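Structure assessment
Now for the letters of each chain:
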Amino acid sequence: MHVALTGATGFLGLRLVRELLERHDSLTVLAHAGSEGALGRITRFLELTDGPRELIAELPRRLRVVEIDLGQPRMGLSGVAFRQLADELDVIWHSAGNIKLDDDLAKLRQANVGGTRNVLELATAGVRKPMVHHIGTAFVGGARRHGVVYEDELDDTHGFENGYERSKYEAEVLVREWSRAHGRPVVVMRPSILVTDLPPHPDLPAHPMQFIDQIAQNAVRHLSAGVDIAKEGRPVVRLPGDPEGHLNLMPVEHAAAIMAKLASKPPSGRVDTYHVVHDHDVAVPVLAALAERLMPVRVEFVEARRVDPTPLEAAADLYPGFTPYLSHRRRFDDTRVRTQLGPASSEIRVDLDYLTAGVSTNHATASSAGVR
């Protein structure tokens, strides 16, 4: 079976490479042309995560790298090369995308909608009619902050919290339209916020929650300009959020394993959508505790973003695309996943210690020191 994967050197993609190589003898990596060598980055990931020596040694034989430009028609390939690639494939996994929540909408659409369109073009051109596995996001549920989001739902009634959500919604609409038009099955997997307890490393891609440590470093630099914590105590940082809120944070390794298992199930013949989510949500106050562990501050939730933020609040502000999630109380239904794989029971507990390990470059931060 000939399998291809986009986004292989991304946060999720690297874990999917490992899962797919456990199930297939070879893998074609569709890598962005001109980027650093995909084979080297995948090799380095496996080295840093204690990958089997045998697997690492076999990578040059088992991985084929095809350089593409996902934003261009035919992925930037010549007509002959594009058709040859299409005719070889039995399965296409589409994991590549722009995950910057508050990026320019045009850029997000070019990567997430245009890239999906070109993957579907590849799937259409192949004589083997390859199966498509599309990695979406549970956050196509949009700006609805309460209730339950079901796996079959896909509408824009509630609007979106940011451009990323909108672009991923539009990409999934495109997938459904393609499936209907061609009578082809597609598996759509919607993960929640992906996290890890693997410490940050310069040779590994950043993940969605790692921005918290960057914010902490900004705040600590601000405090070092003259705030005496020993005298004045921890300053208060007011953030918009709901102290009764909760978010679904999914360990990326567990998500990749579930996706690989779902891909082994016979498709229904239409679009099968799965919420790949943790069986327990994380309370929003845990994220406040994380910020307090990384910064010498005290977090206080307010109903809306302040119009008069203090200089420290401006330095410590969560980036705008993420802030609305601190007011979410909704839940993602995963009945279809449970039906296919049995009741969810993650052995990985996503708690304060887990999150700290995965986001902080220095666990002994200024919160335990007198910052002046």
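Residues numbered from 1 in each chain as written. Predicted model: local features only at pLDDT ≥ 70, side-chain atom pairs only at ≥ 80, totals over all residues. Heavy atoms only, no water.

Before going further, it helps to examine the pairing of strand 1 (residues 3-6). Residue alternation in strand 1 divides its side chains into two sets, V3 and L5 and A4 and T6, and both sets are buried. Pairing geometry for strand 1 and strand 4 (residues 91-94), over four bridges, is parallel. Each bridged residue has a counterpart across the sheet, and for T6 the counterpart in strand 4 is H94. Summarising the sheet, strand 1 and strand 2 (residues 27-32) pair through three bridges and their orientation is parallel. What sits directly across from T6, in strand 2, is L30. (Buried < 20%, exposed > 50% of the residue type's maximum accessible area, 1.4 Å probe, protein only. Helix = DSSP H or I, 4+ residues; strand = E, 2+ residues; numbered from the N terminus. Pairing = 2+ DSSP bridges.)

What follows deals with the sheet that holds strand 7 (residues 186-191). A sheet is described by the order of its strands in space; here seven strands give the open sequence 3-2-1-4-5-7-12, paired in parallel fashion. Of all strands in the sheet, those bounded by a partner on one side alone are strand 3 (63-68) and strand 12 (271-276). Strand after strand, the sheet turns through a mean of 20° between neighbouring axes, direction not considered. Against the sheet, helix 1 (residues 11-23) touches strand 1, strand 2, strand 3, strand 4 and strand 5 (131-135), its axis set at about 170° to strand 1. The strands touched by helix 2 (residues 38-48) are strand 2 and strand 3; relative to strand 3, the strand with the most contacts, the crossing angle is about 130°. (Axes fitted to C-alpha atoms, helices over the stretch in contact; angles between N-to-C directions. Contact = heavy atoms within 4.5 Å.)

This part takes up the packing of aromatic side chains. In this structure the tally under the stated criterion is four aromatic pairs. Here F139 and Y325 contribute two aromatic rings whose centre-to-centre distance is 5.0 Å and whose plane-to-plane angle is 50°, an arrangement assigned as tilted. With a gap of 186 residues between them, F139 in the loop between strand 5 and strand 6 (148-149) and Y325 in the loop between helix 11 (311-316) and strand 15 (331-332) connect regions that are remote in the sequence. Owing to a relative accessible area of 3%, Y325 belongs among the buried residues under this scheme. One aromatic cluster is present, formed by F139, F322, Y325 and F332 through successive ring pairs. (Phe/Tyr/Trp six-rings, centres within 6.5 Å; stacked < 30°, edge-to-face > 60°.)

Taken as a whole, this structure holds 20 salt bridges when the rule is applied. For R64, the salt bridge identified is with E88, shortest N-O distance 2.9 Å. Here the residue R64 occupies a position in strand 3, and E88 occupies one in helix 4 (residues 79-88), the gap between them amounting to 24 residues. For D152, the salt bridge goes to R336, with nearest N and O atoms at 3.0 Å. Of this pair, D152 sits in the loop between strand 6 and helix 6 (163-182) while R336 sits in helix 12 (residues 335-341); the two residues are 184 residues apart in sequence, bridging distant segments of the chain. A relative accessible area of 24% means that R336 is categorised as partly exposed. (Salt bridge = Lys/Arg side-chain N within 4 Å of Asp/Glu carboxyl O.)

The next thing to look at is the confidence of the model for the protein chain. Detailed reading of predicted coordinates is not advised where the pLDDT is low. Model confidence for the protein chain is summarised by a mean pLDDT of 89, while 91% of its residues fall at 70 or above. Within the model, the stretch residues 363-372 combines pLDDT values under 50 with 26 contacts to residues more than four positions away or in other chains. (pLDDT = per-residue confidence, 0-100.)

Checked against the element boundaries, R190 lands in strand 7. Separated by 3.5 Å, the side chain of R190 and the backbone oxygen of E151 make a polar contact. Of the polar contacts made by the side chain of R190, one reaches the side chain of H275; its length is 3.2 Å. (Polar contact = N/O pair within 3.5 Å; in protein donor to acceptor, adjacent residues only side chain to side chain.)

Right, let's talk about the pairing of strand 2 for a bit. A regular strand carries its side chains on alternate faces of the sheet. Among the six residues of strand 2, five are classified as buried, and the element is accordingly described as predominantly covered. Handedness of the crossover is the feature at issue here: the chain leaves strand 1, passes through helix 1, returns alongside strand 2, and the resulting connection is right-handed. As paired strands, strand 2 and strand 3 are joined by six bridges and run parallel to one another. Looking across to strand 3, one finds that L27 is bridged to L63. (Right-handed = clockwise from strand over helix to strand, strands pointing away.)

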